[in-house]
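# Structural characterization, general
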Amino acid sequence: MTDLGLPETILACLFDLDGVITRTAAVHAAAWKETFDAFLRERDGADFRPFDAGDYAEYVDGRPRADGVRTFLASRAVGLPEGEPGDPPDAPTVHGLGNRKNELLLERIRAGGVDAYDGTLRYIGAVRARRLRTAVVSASANCLDVLRAIGAEHLFDVRVDGVVAAERGLPGKPRPDTFLAAARDLGVPPGRAAVFEDALAGMDAGRAGHFGYVVGVDRVGRPDALYAHGADRVVTDLEELLEGPGERRPPRTG
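Broken down by element type, the chain carries 10 helices and six strands. On C-alpha atoms alone, the chain measures out to a radius of gyration of 18 Å, which is about the 18 Å that the 2.2 N^0.38 rule sets for 254 residues. Its C-alpha atoms give the chain principal-axis dimensions of roughly 55 × 35 × 30 Å. Long-range contacts, defined as pairs at least 24 residues apart, comprise 59% of the intrachain contacts of the chain with a sequence gap of at least 6. As displayed, the chain has an accessible area near 11,200 Å², and 50% of this comes from carbon and sulfur atoms. Looking at charge distribution, the chain has the averaged site of its 32 positive side-chain charges lying 3 Å from that of its 40 negative ones.

Across all of its chains, the model carries 10 aromatic pairs by this definition. Arranged with centres 6.3 Å apart and planes meeting at 65°, the rings of phenylalanine 15 and phenylalanine 156 form a pair that is edge-to-face. Within this pair, whereas phenylalanine 15 is found in strand β1 (residues 12-15), its partner phenylalanine 156 is found in the loop between α6 (143-149) and β3 (158-160), the two being separated by 141 residues in sequence. Assigned by exposure class, phenylalanine 15 and phenylalanine 156 land together as buried. Aromatic side chains phenylalanine 36 and phenylalanine 51 sit 5.1 Å apart centroid to centroid with 40° between the ring planes, which places their arrangement in the tilted category.

Between its terminal C-alpha atoms helix α1 (residues 25-44) stretches 27 Å, which fits the 28 Å expected from 20 residues at 1.5 Å a residue. For α1, the set of buried residues is Ala25, His28, Ala31, Trp32, Thr35, Phe36, Asp37, Phe39 and Leu40. Among the residues trailing α1, glycine 45 stands out with phi positive, at a value near 90°.

Our next topic: the nonpolar core. Counting 35 residues, the largest nonpolar core has Leu6, Phe15, Ile21, Tyr123, Phe156, Phe196 and Leu238 as its most contacted members. A total of four residues in this core trace back to one element, the largest contributor, which is helix α5 (residues 118-129). When neighbours within four sequence positions are excluded, leucine 6 is seen to be in contact with Met1, Cys13, Tyr123, Leu132, Ala194, Phe196 and Tyr213. Of all hydrophobic cores here, the second largest spans 26 residues; its members include Val164, Ala183, Val195 and Ala205.

By secondary structure assignment, the location of aspartate 37 is in helix α1. Of the polar contacts made by the side chain of aspartate 37, one reaches the backbone nitrogen of phenylalanine 51; its length is 2.8 Å. Look past the residues within four positions of aspartate 37 in its chain and what remains in contact with it is Phe48, Pro50 and Phe51.

This paragraph deals with unusual backbone geometry. Most peptide bonds are trans, and most residues other than glycine sit at a negative phi. Following lysine 173, the chain continues into proline 174 via a peptide bond in cis, with omega recorded as 15°. Positionally, proline 174 belongs in the loop between α7 (162-168) and α8 (177-186). One non-glycine residue, alanine 77, adopts positive backbone phi at about 55°. On the secondary structure map, alanine 77 appears in the loop between α3 (65-75) and α4 (94-112). A relative accessible area of 69% places alanine 77 in the exposed class. For histidine 210, which is not glycine, the phi dihedral falls at a positive 55°. Note that histidine 210 resides in the loop between α9 (200-208) and β5 (213-217).

Reading the values: rules and limits
- Residues numbered from 1 in each chain as written.
- Predicted model: local features only at pLDDT ≥ 70, side-chain atom pairs only at ≥ 80, totals over all residues.
- Heavy atoms only, no water.
- Helix = DSSP H or I, 4+ residues; strand = E, 2+ residues; numbered from the N terminus.
- Rg over C-alpha atoms; globule rule 2.2 N^0.38 Å.
- Contact = heavy atoms within 4.5 Å.
- Areas by Shrake-Rupley, 256 points an atom, 1.4 Å probe, with all protein chains shown as cover.
- Lys, Arg positive; Asp, Glu negative; His and termini not counted.
- Charge placed at Lys NZ, Arg CZ, Asp CG, Glu CD.
- Phe/Tyr/Trp six-rings, centres within 6.5 Å; stacked < 30°, edge-to-face > 60°.
- Buried < 20%, exposed > 50% of the residue type's maximum accessible area, 1.4 Å probe, protein only.
- Expected span 1.5 Å × (residues − 1).
- Core = buried A, V, L, I, M, F, W, Y, C linked by side-chain atoms within 4.5 Å.
- Polar contact = N/O pair within 3.5 Å; in protein donor to acceptor, adjacent residues only side chain to side chain.

In structure tokens form, the structure reads like this:
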């Protein structure tokens, strides 16, 4: 292992945005809860079953917006028309509900700003100082604005986000396509790239893409779930990787 806490073979690092680089995962979760609770309350009445943290982790976290809507609603056996990507936020469609969530998210970001994880920024600085290539890989269509808000756009050689994925027709996590596209854009085979993710869907994508190393960033106290979904190592902050090899699970299989 190198002094970055990575195998010697790794040439590039692919970082998720929300929950890994920025402290926006909680803001996303709150916006999703407000969106789904209002929808379910109107549909089922006052005795509706609220959207909770388990729903966020299992069905929404790390997925493209419309996929999150579809996956969560399917878990409640609720069907909605697809609609169109430009549907207004009050439209009773998959895209309308997703756009309502995005509207609430942007309101919360504008009200409270965006904070970065300092440990992640220091780790990315160390990665770049050692001449490894870097990419940000996010389902968010707001990725570029968020990076600019924290002054971190220059830290990444490649960006594959919700906008790029839509332009290229790439399916989102848990499929590995966005990570694979980032590695390809960097000119690095997947087996020589490391994935850094906090979402279970991101872990699944790292495993499905056969990447050389997958680091789970545990912000909410679920290390076993991150390992079960494909992490090679779990840390609570990326700076831990600079402190030594730490405790790792046996290599993944399959």
